[in-house]
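As a plain string of letters, each chain reads:
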Amino acid sequence: MIAEPMPRVKVVMALILIILGVLPKNLVMIGGNLVIGLLLLFIYRIPLHAFVKQLKPIAFFMLFTFLFFPFYEGSHGWIKALQYSGRLLFVAQVLNFLFYRLGIVAFLQALAELRLPAIFIELILFTLRFMDVFRGEVRQMLLSLRSRGFYTGNWFQIKKYRVLGGLLGSLLLRSFQRSERIYLGMLSKGYKGEGVKSIRTELIPPYEWLHCALWAGCVLCMFFVGGMG
């Protein structure tokens, strides 16, 4: 097996692979990219069950493509559904490779070392922070509902949508109030939007970029195999 590249190389490599992976429409090329994605996970010793576990959030979107496109476009819709689902799966493979052994802090640090504008790093940081806030609020509200006898079941029932709709509205209000308190707390501690600062300055050995060149070259070969169509 091959040792994983440095965080900065992983970020650049993942970005290039995602850009190249979402371009093709030919099913042969998309299938080839999925094989490359599996090899990527295997060679860098990323367990398959870890990848399958991360598929749960995107399973709904893949199911939606197979329900919507055949209904909207007829027989050609199945091809389009396979195209969208295949590209989405490849992106999931690349993101799993990127984040499996790379924490959020190391990821943001790598972005700072790549000289990404601080405002973008701040947006990513705050987005992740507020996602945790929303998750915590939802957990508390559902726990409160269940303590009063409310049960969603495996599939939400129509008569319970009214309760869940009210929960969503309350969630937005509570999350907005919580975000204001967080913002005021940051200002009170002297936050002025300085951005994430890089603390590491080591150079990347040239051979590290061979990882990026190798895998990008494999994906580019699919364009010659299947053509741009």
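See the structure printed just above.
Residues numbered from 1 in each chain as written. Predicted model: local features only at pLDDT ≥ 70, side-chain atom pairs only at ≥ 80, totals over all residues. Heavy atoms only, no water.

(A) Structural detail: the nonpolar core. If you look at the biggest cluster of nonpolar residues, it comprises 32 residues, and the most contacted ones within it are Met13, Leu17, Leu40, Phe97, Phe107 and Trp215. Of all the elements in the fold, those that place two or more residues in this core are α1 (7–21), α2 (27–43), α4 (56–73), α5 (76–99), α6 (104–113) and α9 (209–226). Counting residues per element, this core draws most heavily on α9, which supplies 6 residues. In contact with phenylalanine 107, other than residues within four places in its own chain, are Val11, Leu98, Phe99 and Leu102. (Core = buried A, V, L, I, M, F, W, Y, C linked by side-chain atoms within 4.5 Å. Buried < 20%, exposed > 50% of the residue type's maximum accessible area, 1.4 Å probe, protein only. Helix = DSSP H or I, 4+ residues; strand = E, 2+ residues; numbered from the N terminus. Contact = heavy atoms within 4.5 Å.)

(B) Inspection of the packing of α6 against helix α7 (residues 118–147) at higher detail. Where α6 meets α7, the closest approach of the two axes is 10 Å, and the angle between their N-to-C directions is 165 degrees. Between α6 and α7, the crossing angle belongs to the class labelled roughly antiparallel. For the crossing formed where α6 meets α7, the hand is right-handed. In this structure, α6 contributes Ile104, Leu108, Leu111 and Ala112 to the contact, and α7 contributes Ile121, Ile124, Leu125 and Leu128. Of the residues that constitute the contact of α6 with α7, the class distribution is 8 nonpolar, no polar and no charged. (Axes fitted to C-alpha atoms, helices over the stretch in contact; angles between N-to-C directions. Parallel < 35°, antiparallel > 145°, perpendicular 65-115°, else oblique. Left-handed = near helix turned anticlockwise from the far one by under 90°. Nonpolar A, V, L, I, M, F, W, Y, C, P; charged D, E, K, R; others polar.)

(C) Structural context of a nonpolar patch on the surface. Taken together, the side chains of Phe60, Phe61, Phe64, Phe68, Phe71 and Tyr72 define a hydrophobic patch exposed on the protein surface, amounting to about 790 Å² of accessible area. Mapped onto the fold, phenylalanine 61 is located in helix α4. (Patch = residues over 30% accessible without salt bridge, like charges linked within 9 Å, V, L, I, M, F, W, Y side chains within 5 Å. Areas by Shrake-Rupley, 256 points an atom, 1.4 Å probe, with all protein chains shown as cover. Salt bridge = Lys/Arg side-chain N within 4 Å of Asp/Glu carboxyl O.)

(D) Quick look at the packing of α1 against α5. α5 packs onto α1 with a crossing angle of 175 degrees between their chain directions and a minimal axis gap of 10 Å. Classified by the angle between their axes, α1 and α5 sit roughly antiparallel to one another. Within the contact between the two elements, α1 uses Lys10, Val11, Met13, Ala14, Leu17, Ile18 and Gly21 and α5 uses Arg87, Phe90, Val91, Val94, Leu95, Phe97 and Leu98. Classifying every residue of the contact of α1 with α5 gives 11 nonpolar, 1 polar and 2 charged.

(E) The pattern of salt bridges, seen in detail. Enumeration over the complete set of coordinates arrives at 3 salt bridges. Ionic pairing is found between glutamate 4 and lysine 10, a salt bridge with its closest N-O pair at 3.2 Å. Classification of lysine 10 as buried rests on a relative accessible area of 2%. In this structure, the salt-bridge partner of glutamate 4 is arginine 101, at a minimum N-O distance of 2.5 Å. Linking glutamate 4 in the segment before α1 with arginine 101 in the loop between α5 and α6, this pair joins segments that are 97 residues apart in sequence. Note on glutamate 4: relative accessible area 22%, which makes it partly exposed. Judged by its relative accessible area of 42%, arginine 101 is partly exposed. When salt bridges that share partners are traced, they join Glu4, Lys10 and Arg101 into one network.

(F) Local environment of unusual backbone geometry. Of note in the backbone geometry, arginine 45 takes a positive phi value of approximately 60 degrees without being a glycine. Although it is not a glycine, arginine 115 sits at a positive phi angle of roughly 65 degrees.

(G) Up close: the layout of surface pockets. Reported here for the largest pocket is a volume of approximately 310 Å³. Lining the largest pocket are Ala50, Phe51, Gln54, Leu55, Ile58, Ala92, Leu95, Asn96, Phe99 and Tyr100. When residues of the lining of the largest pocket are traced back to their parent elements, those giving at least two are α3 (48–53) and α5. Broken down by element, the lining of the largest pocket gets its largest block of residues, 4 residues, from α5. For the lining of the largest pocket, the residue count by class is 8 nonpolar, 2 polar and no charged. Of the volumes computed, that of the second largest pocket is approximately 230 Å³. Taken together, Val11, Val12, Ala14, Leu15, Ile18, Leu95, Leu98, Phe99, Phe107 and Leu114 form the lining of the second largest pocket. Within the residue set of the lining of the second largest pocket, elements represented by two or more residues are α1 and α5. Here the lining of the second largest pocket gets 5 residues from one element, more than from any other, and that element is α1. (1 Å grid on protein atoms, 1.4 Å probe; cavity = no way out; pocket = protein on both sides within 12 Å on 5 of 7 lines; lining within 4 Å. Points joined across faces, edges and corners; volume = space filled by probe spheres on them.)

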